[in-house]
Amino acid sequence: MTRTPTTAIAGIGRTPYFKRGASVPRTKLQMACQAIKAACEDAGISVKDIDGFAYYSGGFDTARIAQMLGIPEVTFTASLTGGGGGASAAVGLGAMAIDAGQATHVVSLMTLQQTPDARLGAAFATKGKSAYSAPSESHVDFVAPSGLFSPGQMMSVLAMRHMHLYGTRREAFAEIAISQRENAIKRPTSRFTEPITLEDYFNARMISDPLCLFDYTQENDGAVAVITTSAERARDLRKPPAYVLASAHGGKGRWGLAYQQMQMPDEYFTSSGHRPVAKRLYEQAGITPADVDVALLYDHFSPMVLMQIEDYGFCEIGEGGAFVEAGNIRYGTGTIPVNTHGGNLSEAYIIGMTHVYEAVEQVRGEAVNQVEDAEIALATGGPASIPTSGLLLGRSA
Amino acid sequence: MRSELAQSGLGDFAVLNVDTFTKPFWDAAREHRLVIPQCDDCGTFHLPPSGFCYECDGESISMTEVSGAGEVYSFTIVRHPVVPALVPVVPYVIAVVDLDGAPGARLVGNVIDCEPEAVRIGSKVSVVYDDIDDEVTIPRFVLA
C-alpha cells in the first residue's frame, strides 16, 4: 500500500428492487430515505449522525432529505458532474469531505423511478412531435436528427467497431449475460433468475445491432445508499469496515461526451473511457490488476463490461473477447470473477450503486456469491461521458 | 428531396438548436453543401463546431467545404423503436462517417436507400441532403 486508508464504507442499505414504474405509489425520495435509514441501521449509527451528502448523476435535493429525516446539521453537500459514470466516485467525494474534516458520516445514494415519462432508454430523444422531450443543445443536432437517441444504440456503435478491429464475437457478449445470470440465480434480490442458454441468447430479438435484448440492462426502480466515514470511526461500528483504498474519476478531455458525439480519438474509441481512471486508481492503491479479487463492473450493456475488463488490465486491449469466452469471469472458476451480484443485466439497475453495495459485501465476507478470501474489490461507474470512475475497497487497512 | 426515412417519422426529430458556431454548418446544409470547422492555425478539423481548436488552443476557425464522400467508421442498425413515433421508422442505420478531406472530424448520419444489412465498416458513402421542411436540411448518406 502506498498509503494507509483513512476512510471506509461503514453501512449499506437498499429498498427492494422493482420493475420499472412498479415502485409507485412510493416516491423517489421515500425510497432514498428508506435506503439511508437501512444503511444507518447496517452501520449501527443513528440517522441523526449523518452530516454529509455526496452524490453523482445530478444529485438529489439535500434540503428536502435533511428536512424529512431531521438531520441536525448538514456540513457538506455536493455532487459530481456528469451521469452514471460517477457512481463509484460519489463514495470518493464523501471520503474527500471526511479527509478534509468537513463531515463525519457521509451518505452517497441513488434512487430511481422509471415511470413511463422518465425512461432512460429514450434519454436523448429530442422533442419533435413526440411526447418525449429532452433539453437540447447545439451539439445534440449532430446526432439526434439521425435517430441516435439511446445509450444502447450508442454503445452498439462501439461494440460493432470492437468486433471489426479485434474479431470479438457475439459469443463473448453472450458469456457476460449468461455468467451474470448464473450469479443472479442464487440471489433473493435479483429481478431475473431464469438461466439463459447460448441458444436463448441467439434467439433473442435484436435491439440495435450487434446488441440483443440480453445485452441490455434492465430498467428498475429502487434506492441504494452507503455511509462513508473515517477508517477510525468505522472500526468502532457494527460491521467490518470496507476501506477506501482508492477512488478516482475523470477521463481524457477528448473522451468528452464520448459516444454521445462519437468524436473520441481512434486510439481509445473502442474503450470504456476508463483507462486513465484505472491507471490512477491502481497507482493510488499501490496495487496491480492481479491484486483485485472481484470486479463489479458497471454493466449497462455487455460489451462495455468487456471493454472495462481490457481497460482495467485484466487482459490486453483487444483480447477481451477471447478472455471472456475462456471462462475467466465466472464466479467460482474464473481468474477474475465479474459482477457476482448479477449486475444491471440480471440483478437490478440502480445506476451503479448495486456494484458498490456488492463490493462492500465481498470485502466484508458476507456476499451471497462470496469470493473466497476476497481482500480487494473493484467497483466502477458507467462507461459514459466524463467522468467515469472507479473505487477500490479493501478488507484490510 | 425529403427522404422516406424523414417521411416515416424521423423527420419530426430534426428540431435544431442552432448556436453561433453551428449556424454556418446548418446554413450550408440548407444550400446542399457540407462544411466542417477547421483551425486556421494548425489545420485541425473538429465536430461539433465549438469555436475552439482542441489541438492548438486557437480561436480562429474557418468552415472548409468537403465533398461529402467518406467511409463508415462504425454503425448500428436500430431495430427497436425507443419511442412510439419511431415504430414506422425502424429498422434504420446510424453510421459514424470519416469524411474525405476532413480527418479527425466524424459526422453521424443515416445510411439510407439500401438494405440495412448492406452497410459495413469501411463502406464508401456519399452525402445526400434531406430537406425536412422550409428551414431544416439534414445531411444523410447513401452507399457510394
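These notes cover the structure that comes with them. Just so we're clear, the structure is a prediction, and the values are computed from it rather than from any experiment. (Residues numbered from 1 in each chain as written. Chains lettered and ligands numbered in written order. Predicted model: local features only at pLDDT ≥ 70, side-chain atom pairs only at ≥ 80, totals over all residues.)

Secondary structure summary: chain A contains 12 helices and 12 strands in total. Taken against the 2.2 N^0.38 rule, which gives 21 Å for 397 residues, the C-alpha radius of gyration of chain A at 20 Å falls within 12% of a compact globule. Overall, the C-alpha framework of chain A stretches about 55 × 50 × 40 Å when taken along its three principal axes. A total of 397 residues make up chain A; the buried ones form 62% of that total. When contacts within chain A are restricted to residue pairs at least 6 apart in sequence, long-range pairs at least 24 apart make up 78% of them. (Helix = DSSP H or I, 4+ residues; strand = E, 2+ residues; numbered from the N terminus. Rg over C-alpha atoms; globule rule 2.2 N^0.38 Å. Buried ≥ 20, exposed ≤ 12 C-beta atoms within 10 Å, placed from the backbone. Contact = placed C-beta atoms within 7 Å.)

When helices and strands are counted, chain B shows two helices and seven strands. Counting from the amino terminus, helix and strand elements in chain B follow one another as α-α-β-β-β-β-β-β-β. Expected size for 144 residues packed as a compact globule is a radius of gyration near 15 Å; at 15 Å, chain B falls within 12% of this value. Along the longest, intermediate and shortest principal axes, the C-alpha atoms of chain B span 45 × 35 × 25 Å.

Take the interface of chain B and chain A next. Counting from both sides, the interface comprises 34 residues of chain B and, opposite them, 38 residues of chain A. Contributions of two or more residues to the side of chain B that touches chain A are made by β3 (69-78), β4 (92-99) and β5 (106-111) of chain B. Ranked by the residues each element gives to the side of chain B that touches chain A, the list is headed by β3 of chain B, at five residues. Grouping the constituent residues of the side of chain B that touches chain A by class yields 23 nonpolar, seven polar and four charged. (Nonpolar A, V, L, I, M, F, W, Y, C, P; charged D, E, K, R; others polar.)

Before going further, it helps to examine the nonpolar core. Grouped burial of nonpolar side chains is what soluble globular proteins tend to show. Judged by nonpolar contacts, the single largest core of 171 residues is most densely connected at I9, L109, V226, V360, A377 and L393 of chain A together with A95 of chain B. Apart from the residues lying within four places of it in its own chain, the contact partners of L109 of chain A are A32, A35, I36, A223, V224, A225 and M353 of chain A. (Core = buried A, V, L, I, M, F, W, Y, C linked by C-beta atoms within 7 Å.)

For the bond running from D209 of chain A to P210 of chain A, omega is 5°, close enough to zero to count as cis. Its location among the elements puts P210 of chain A in the loop between β6 (206-208) and β7 (211-212). Of note, the bond from L47 of chain B into P48 of chain B is cis; its omega dihedral lies within 30 degrees of zero at -10°. For P48 of chain B, the location among the structural elements is in the loop between β1 (34-39) and β2 (61-66). Even without being a glycine, D373 of chain A presents a positive backbone phi close to 55°. With respect to the helices and strands, the residue D373 of chain A is situated in the loop between α12 (353-364) and β11 (376-380). For H32 of chain B, which is not a glycine, the phi torsion comes out positive at approximately 60°. Within the element layout of this structure, H32 of chain B appears in the loop between α2 (23-30) and β1.

What follows is about the environment of A258 of chain A. With respect to the element layout, A258 of chain A can be found in the loop between β9 (242-250) and α8 (275-285). Not counting the four nearest positions on each side in its chain, A258 of chain A is found in contact with M264, G273, A384 and S385 of chain A.

It is worth spelling out the pairing of β11 of chain A at this point. Within a regular beta strand, the side chains point alternately toward one face of the sheet and then the other, so they alternate between its two faces. All names here are of chain A. Counting buried positions along β11 yields five of five residues, so the element is predominantly enclosed. Burial along β11 is two-sided: I376, L378 and T380 facing one way and A377 and A379 facing the other are all buried. The pairing of strand β10 (residues 294-296) with β11 spans three bridges and is classified as parallel. Residue pairing for β11: L296 is matched across the bridge by A379. As paired elements, β11 and strand β12 (residues 388-394) share five bridges and run antiparallel to each other. Bridged to L378 within β12 is L392. (Pairing = 2+ DSSP bridges.)

Quick look at the pairing of β4 of chain B now. Residue and element names in this part refer to chain B. By the criterion of burial, β4 is predominantly enclosed, with seven of the eight residues buried. In this structure, β3 lies alongside β4, joined through eight bridges in antiparallel fashion. Each residue of the ladder has a partner; that of G70, found in β4, is L99. Two strands pair when backbone bridges link them, and β4 and β5 are joined in this way by six bridges, in the antiparallel orientation. Paired with I94 across the bridge in β5 is N110. Between β4 and β5, which follow one another and run antiparallel, lie six residues, and G101 among them has a positive phi close to 85°.

Residues and elements named next belong to chain A. Packing of helix α4 (residues 151-166) against helix α9 (residues 302-311) leaves a shortest axis separation of 9 Å and a crossing angle of 55°. Relative to α9, the element α4 lies oblique. Note that α4 runs across α9; the crossing there is left-handed. Residues M155, L158, A159 and H162 of α4 form the contact with α9, whose own contacting residues are P303, M304 and M307. Per-class residue counts for the contact of α4 with α9 are six nonpolar, one polar and no charged. (Axes fitted to C-alpha atoms, helices over the stretch in contact; angles between N-to-C directions. Parallel < 35°, antiparallel > 145°, perpendicular 65-115°, else oblique. Left-handed = near helix turned anticlockwise from the far one by under 90°.)

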